[in-house]
Amino acid sequence: MCYLRSCIVKAGGTGRATQMGKTGEETGADGSMVSIADYYAGKNVLITGATGFMGKVLVEKLLRSCPEVQTLYLLVRPKAGQSMHERVSDMMKCKLFDRVREDNPDFHQKIVPISSELTQPALAISPEDVERLTSCVNIIFHCAATIRFDEPLKHALQLNVMATQQLLNLAQQMHHLQAFIHISTAYANCNRRHIDEIIYPPPVEPKKLIDSLEWMEDSIVRDITPRLIGDRPNTYTYTKALAECVVQRESSKLSIGIIRPSIVGASWQEPFPGWIDNFNGPSGVFIAAGKGILRTMRANNDAVADLIPVDVVINLTLAAGWYTAVHRPKAALVYNCTTGGINPFHWGEIEHHVMSSFKRNPLEQAFRRPNANITSNYLMNQYWILVSHKFPALIYDLYLRLSGQKPQMMRIFNRLHKAIGLLEYFSSQDWEWNSENMNMLMSHLSPEDRKTFNFDVRQLNWPEYIENYCIGTKKYVLNEDMSDIPAAKQHLRKLRNIRYTFNTLLLVFIWRVFIARSQMARNIWYFVVSLCFKFLSYFRASSTLTN
Ligand SMILES: CCCCCCCCCCCCCCCC(=O)SCCNC(=O)CCNC(=O)[C@H](O)C(C)(C)COP(=O)(O)OP(=O)(O)OC[C@H]1O[C@@H](n2cnc3c(N)ncnc32)[C@H](O)[C@@H]1OP(=O)(O)O
Ligand SMILES: NC(=O)C1=CN([C@@H]2O[C@H](COP(=O)(O)OP(=O)(O)OC[C@H]3O[C@@H](n4cnc5c(N)ncnc54)[C@H](OP(=O)(O)O)[C@@H]3O)[C@@H](O)[C@H]2O)C=CC1
C-alpha cells in the first residue's frame, strides 16, 4: 500500500489547483440559467463504476436525456476473461439501453472506455489516457466502490478511500473540470440517529489508518477490524465515511457534490418501471421470499424502509452535477437522497406488498408458496428459522439424497442466513435524514427539468412501486417470461395441495402415535369428538326448531 500513502500525502500537499471553466458560459443568451440538458451539451464526462448497477443507469440517462453530451469516458477494468471493450459493448446491448438505441442507434460512438484498475497505482491509467482525460474532461461522476458488507478492511480501504483520493489527484490535473460528484451512502454515518447534510469528523484520520495497516498482515487486520469500525456495522459504511472526509479536503480546489442515497432499489419510472439487475440489498430478499425460500427475517415492522428508486438517485446526481458546475458552491454540498422524511413507508408494509405482489405474479419453480414474515423478536425468528427454513431444507435434502441427487438446500439456506444476517442492522432500526439540499436543488430547476430529471419522491406511490419492483426482479434479474405466469400459478396450487396433504398426514401420524401410547391422549381425543358431536346435535336441533 506504499503508493497509496504517497498519493494521500501528495494530495494533502501542494496539489495544482484546478483551472475551472468559466461560469459565464453556463448562462443563456438572455442571462437565464441553462437547462440541465443544455449544460451537458458538448461536455466530456468521466464516470467510474459505469458497469455497476447505478453507473449503468447514469450512462443511460445521460445519453437519453442529454443527447448533445460530447463524450462519456468510462473507467473500466477487464474482468472474468472479458476485455474492457467487450464488457462495455455487452453492457450497451442490455435491455436498459433499448430506449436510447431507439432514439439514437449510434449512441455507442459517444462512449470511450478507458482501461483502469482503481486499486492500482495512478489507477493504472496509461499516460496517453491521462493526457487525454486531463485535457478535456469537464465533469466527473465517481460511482465505483465495493459495496460488499463483508469486504476485508484493507481492500475496502483501497477501493473506497484510496482510489477516491487518486481520482481527486487526477481531477486536480484536469484543465477544464467544472464539477466532481462523489457517490457516498446515507449510511456512512449510520452510527448516528439523525444525519444532517454535513460531513462528520472521520472515525479516524485516513492517512494514519493507512500507515498503520500497511505493515500488518491480513490476519491481524481481520482481528482488529471490529475494534476499528467501532459502532458501524461493516467495513463498507466505515470506509465510505472516510472517503467523504478525503473528498471534503479537496473542496477548496474543486467544486464538489456528494450524493448520499439510502437503499437503492429498482427504477420507479425510467427507462422503464422496475428495472433492476442484481441481488444486492432488498432485491435478493424479495427474490428469496418470492421463491418461497425465505420465510422469516428479523426486521422492525414499524421502522421506515428507506428505499430510493435508482432513477431518482441518478436524476438527483445529474442535477447536482449541473448545480455544482453552474453555481460553484464554496464548500462541498452534501445531498441526503432518501425517502423516509418525505414519503415514509415501513418494512411491515413492504412485507405485505411484496407477498401479495408475488402471489399475483409468481416466480417460476418456487420452492414453497411465498409466505415470509418479518419479526423483531430474536427468539421468534430463531424458532421460525428452525421450523420453516432448516426443517424443510433437511427434508428436501433427504429427498434429493434418496433420489440420487446432490443435496443443496441446506447450503442455500446457510448462504441466505449469512446475507440476511448482514442486512438486519438496516431493517431493524430507524434513521432521520435531513434533506434540505435536495429540496433546495429542486427549487432551482426549471419546470421542464423537474419533469425530465424528476427526483420528487412525494409523488411515489409505494404499492405500485413495490409491484413493479417485484415484477422487475422476475423479468430482469431472473430473466423469467411474464407469459409463464399461469404455469407458475399452477405450480403454486400444486405446492398448496402438497402442503395440505403433508400437514394432514403429519397430524394423523402424530395423533395416532399419541393415541396408541397414552391413555390421557385417548381421553382428550374422545372428549373433543364428543364435544363436536354434541355441538353438531345442538346445532341441528336448534335449526329444526327455528324452521
Ligand atoms: C419480504 C421481506 C421484506 C423485508 C426486507 C428487508 C430487506 C432489508 C434490506 C436492507 C438493505 C440495506 C442496504 C444498505 C444500503 C447500502 O449501503 S447499499 C449497499 C448494499 N450492499 C449490499 O447489499 C451488498 C450485500 N452483499 C454482500 O455483502 C455479499 O453479497 C454477501 C451477502 C456477504 C454474500 O457474499 P458471498 O457469500 O461471497 O456471495 P455472493 O457471490 O456475493 O452471493 C452469494 C449468493 O447470495 C446471493 N445474494 C447476494 N446478496 C443477497 C441478498 N441481499 N439476499 C439474498 N441473496 C443474496 C447472490 O445472488 C448469490 O446467489 P447465487 O448467484 O450464488 O445463487
Ligand atoms: N446499491 C446501493 O443500494 C447503494 C449504493 N451506493 C453507492 O453507489 C455507488 C454505486 O453502487 P452500485 O452501482 O450499487 O455498486 P455496484 O457494485 O453495482 O458497482 C460497483 C462498480 O464499481 C466498479 N469497481 C469495483 N471495483 C473496481 C476496481 N478495482 N477497479 C475499477 N472499477 C471497480 C465495478 O466494476 P466491475 O464491474 O469491474 O466490478 C462497478 O462498475 C457506490 O459508491 C455505492 O457505495 C450508495 C447507497 C446505496
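Cut-offs applied
Residues numbered from 1 in each chain as written. Chains lettered and ligands numbered in written order. Predicted model: local features only at pLDDT ≥ 70, side-chain atom pairs only at ≥ 80, totals over all residues. Heavy atoms only, no water. UniProt positions renumbered as here; feature names shortened; annotations may be inferred. Near = heavy atom within 4 Å. Polar contact = N/O pair within 3.5 Å; in protein donor to acceptor, adjacent residues only side chain to side chain. Helix = DSSP H or I, 4+ residues; strand = E, 2+ residues; numbered from the N terminus. Nonpolar A, V, L, I, M, F, W, Y, C, P; charged D, E, K, R; others polar. Buried < 20%, exposed > 50% of the residue type's maximum accessible area, 1.4 Å probe, protein only. Contact = heavy atoms within 4.5 Å. Pairing = 2+ DSSP bridges. Right-handed = clockwise from strand over helix to strand, strands pointing away. Areas by Shrake-Rupley, 256 points an atom, 1.4 Å probe, with all protein chains shown as cover. 1 Å grid on protein atoms, 1.4 Å probe; cavity = no way out; pocket = protein on both sides within 12 Å on 5 of 7 lines; lining within 4 Å. Points joined across faces, edges and corners; volume = space filled by probe spheres on them. Domains from an automatic or database assignment. Expected span 1.5 Å × (residues − 1). Phe/Tyr/Trp six-rings, centres within 6.5 Å; stacked < 30°, edge-to-face > 60°. Lys NZ or Arg CZ within 6 Å of the ring centre and 35° of its normal. Core = buried A, V, L, I, M, F, W, Y, C linked by side-chain atoms within 4.5 Å. Salt bridge = Lys/Arg side-chain N within 4 Å of Asp/Glu carboxyl O.

Going by an unreviewed UniProt entry, the protein chain carries the name Fatty acyl-CoA reductase and comes from Oncorhynchus tshawytscha. Its UniProt record gives the protein chain the following Sequence similarities (unreviewed entry) comment, quoted word for word: "Belongs to the fatty acyl-CoA reductase family." Comment text from UniProt for the protein chain, heading Subcellular location (unreviewed entry), reads "Peroxisome membrane".

Engineer: Quick question: what am I supposed to make of the site of ligand 2 here?
Structural biologist: Close contacts around ligand 2 come from 26 residues, with Thr51, Arg77, Arg87, Glu117 and Tyr236 the closest. Note that an oxygen atom of ligand 2 is positioned 3.4 Å from one of the backbone N or O atoms of Ile183. Val264 is positioned such that a nitrogen or oxygen atom in its backbone is 3.1 Å from an oxygen atom of ligand 2. For the shell around ligand 2, the secondary structure elements donating two or more residues are helix H3 (53-65) and helix H10 (235-248). Class assignment for the residues of the shell around ligand 2 results in 13 nonpolar, 8 polar and 5 charged.

Engineer: Can you help me understand the UniProt feature "transmembrane region" (unreviewed entry) in the protein chain in this one?
Structural biologist: In the UniProt entry, the feature "transmembrane region" (unreviewed entry) is given for residues 500-518 and 524-541. Note that residues 500-518 is 95% helix and 0% strand, and that its end C-alpha atoms are spaced 27 Å apart. Between the C-alpha atoms that bound residues 524-541 the distance is 26 Å, and the span itself is 100% helix and 0% strand.

Engineer: Explain the environment of Trp433 here, please?
Structural biologist: Summarising the element assignment, Trp433 is placed in strand S13 (residues 432-433). By relative accessible area, which is 8% here, Trp433 ends up buried. Between the C-alpha atoms of Trp433 and Asn336, which are 97 residues apart in sequence, the distance is 6.6 Å. Ignoring any residue separated from it by four or fewer positions in sequence, one finds Trp433 in contact with Ala186, Tyr187, Ile195, Asp306, Asn336 and Thr338. Within the structure, the side chain of Trp433 is placed 3.0 Å from the backbone oxygen of Ala186, a separation counted as a polar contact.

Engineer: What should I look at first to understand the pairing of strand S1 (residues 44-48) in this one?
Structural biologist: In the case of a regular strand, side chains alternate between the two sheet surfaces. Burial analysis of S1 places 5 of its 5 residues in the buried class, the great majority of the element. Side chains of S1 alternate between two faces, with Asn44, Leu46 and Thr48 and Val45 and Ile47 buried alike. Pairing geometry for S1 and strand S2 (residues 71-76), over 5 bridges, is parallel. Across the sheet, residue Asn44 finds its bridge partner in S2, namely Thr71. Once the chain exits S1 it traverses H3 before rejoining the sheet at S2, and the crossover so formed is right-handed. In this sheet, strand S4 (residues 139-142) lies alongside S1 in parallel orientation, the contact comprising 4 bridges. When the sheet's bridge partners are listed, Val45 is paired in S4 with Ile139.

Engineer: Would you mind showing me how to read the UniProt feature "domain: Fatty acyl-CoA reductase C-terminal" (unreviewed entry) in the protein chain here?
Structural biologist: Sites flagged by UniProt as "domain: Fatty acyl-CoA reductase C-terminal" (unreviewed entry) map to residues 389-480. When the span residues 389-480 is considered, its composition is 70% helix and 2% strand, and the gap between its end C-alpha atoms is 25 Å.

Engineer: Please clarify how the site of ligand 1 should be interpreted in this entry.
Structural biologist: In the vicinity of ligand 1, 25 residues are found, and the nearest of them are Arg148, Phe149, Tyr236, Gly281 and Arg415. At 2.7 Å, a backbone N or O of Gly281 approaches an oxygen atom of ligand 1. Protein burial of ligand 1: of its 1300 Å² of free accessible surface, 80% is covered by the chains. For the shell around ligand 1, the secondary structure elements donating two or more residues are helix H11 (282-290) and helix H15 (409-427). The element contributing the most residues to the shell around ligand 1 is H15, with 8 residues. Residues belonging to the shell around ligand 1 are distributed by class as follows: 16 nonpolar, 5 polar and 4 charged.

Engineer: Hey, could you run me through the layout of surface pockets in this one?
Structural biologist: The method is simple in principle: a probe with the dimensions of a water molecule rolls over the atoms, and the space it marks as empty is what remains. In this model, the second largest pocket occupies a volume close to 1100 Å³. If you trace the second largest pocket, you find 30 residues lining it, with Arg295, Phe367, Arg368, Pro392 and Arg499 closest to the centre. Of all the secondary structure elements, the ones that give two or more residues to the lining of the second largest pocket are strand S12 (373-375), helix H14 (378-402) and helix H19 (485-517). Considered class by class, the residues forming the lining of the second largest pocket number 15 nonpolar, 9 polar and 6 charged.

Engineer: Help me understand the domain arrangement of the protein chain in this model?
Structural biologist: Note: interface size is frequently given as the accessible area lost on complex formation between the parts. As far as domains go, the protein chain holds domain 1 (2-12 + 19-254) and domain 2 (486-546). Centre-to-centre separation of domain 1 and domain 2, based on C-alpha positions: 63 Å.

Engineer: Which parts of the structure should I look at to understand helix H9 (residues 218-229)?
Structural biologist: Since the α-helix advances by 3.6 residues per turn, residues separated by three or four positions end up pointing in the same direction. Here H9 contains 12 residues, and its C-alpha end-to-end distance of 16 Å stays within 8% of the 16 Å for a straight helix at 1.5 Å per residue. Considering only its buried residues, H9 is in contact with helix H7 (153-172), helix H8 (206-214) and H10. Downstream of H9 by one or two residues, Gly230 has phi in the positive range, about 55°.

Engineer: Any chance you could explain the packing of aromatic side chains here in plain terms?
Structural biologist: Geometry of an aromatic ring pair is reported as the spacing of the ring centres plus the angle between the planes. One pass over the structure, following the stated rule, counts 24 aromatic pairs. Taking the centre distance of 5.8 Å and the plane angle of 40° together, the rings of Tyr396 and Tyr399 count as tilted. Of the two residues, Tyr396 and Tyr399 are both situated in helix H14; the distance of 3 residues between them amounts to about one turn of the helix. Residue Tyr396 is classed as partly exposed on the basis of its relative accessible area, which comes to 31%. Given a relative accessible area of 48%, Tyr399 falls into the partly exposed group. An aromatic cluster is defined as three or more aromatic residues linked by ring pairs; in this entry it consists of Phe149, Tyr187, Tyr236, Tyr425, Phe426, Trp431 and Trp433. If you follow Lys43 out to its NZ or CZ, it ends over the ring of Tyr39, 4.4 Å from the centre. Of note, Lys61 hangs over the ring of Phe453, and the distance from its end group to the ring centre comes to 4.9 Å.

Engineer: What is the right way to look at the nonpolar core in this model?
Structural biologist: Within soluble globular proteins, side chains that are nonpolar generally end up buried alongside one another. Membership of the largest hydrophobic core comes to 109 residues, with the highest contact counts inside it found for Tyr40, Val59, Leu74 and Trp322. With 12 residues, helix H12 (residues 310-327) is the largest single contributor of residues to this core. When near neighbours in sequence (up to four residues on either side) are disregarded, Tyr40 contacts Val45, Leu62, Cys66, Glu68, Val69, Gln70, Ile139, Phe141, Leu318, Gly321 and Trp322. Formed by 42 residues, the second largest nonpolar core is a distinct cluster that contains Leu46, Met174, Leu209 and Ala332.

Engineer: Explain the pattern of salt bridges here, please?
Structural biologist: Pairing is possible between side chains of opposite charge, provided their charged atoms come close. On inspection of all chains with the given rule, the structure shows 20 salt bridges. Its salt-bridge partner being Lys418, residue Asp150 comes within 3.2 Å of it at the nearest N-O pair. Taken together, the residues Asp150 in the loop between S4 and H7 and Lys418 in helix H15 connect sequence positions 268 residues apart. Residue classification places Asp150 among the partly exposed positions, given a relative accessible area of 33%. Each of the salt bridges in this network shares a partner with another, and the network as a whole consists of Glu60, Lys61, Arg64 and Glu270.

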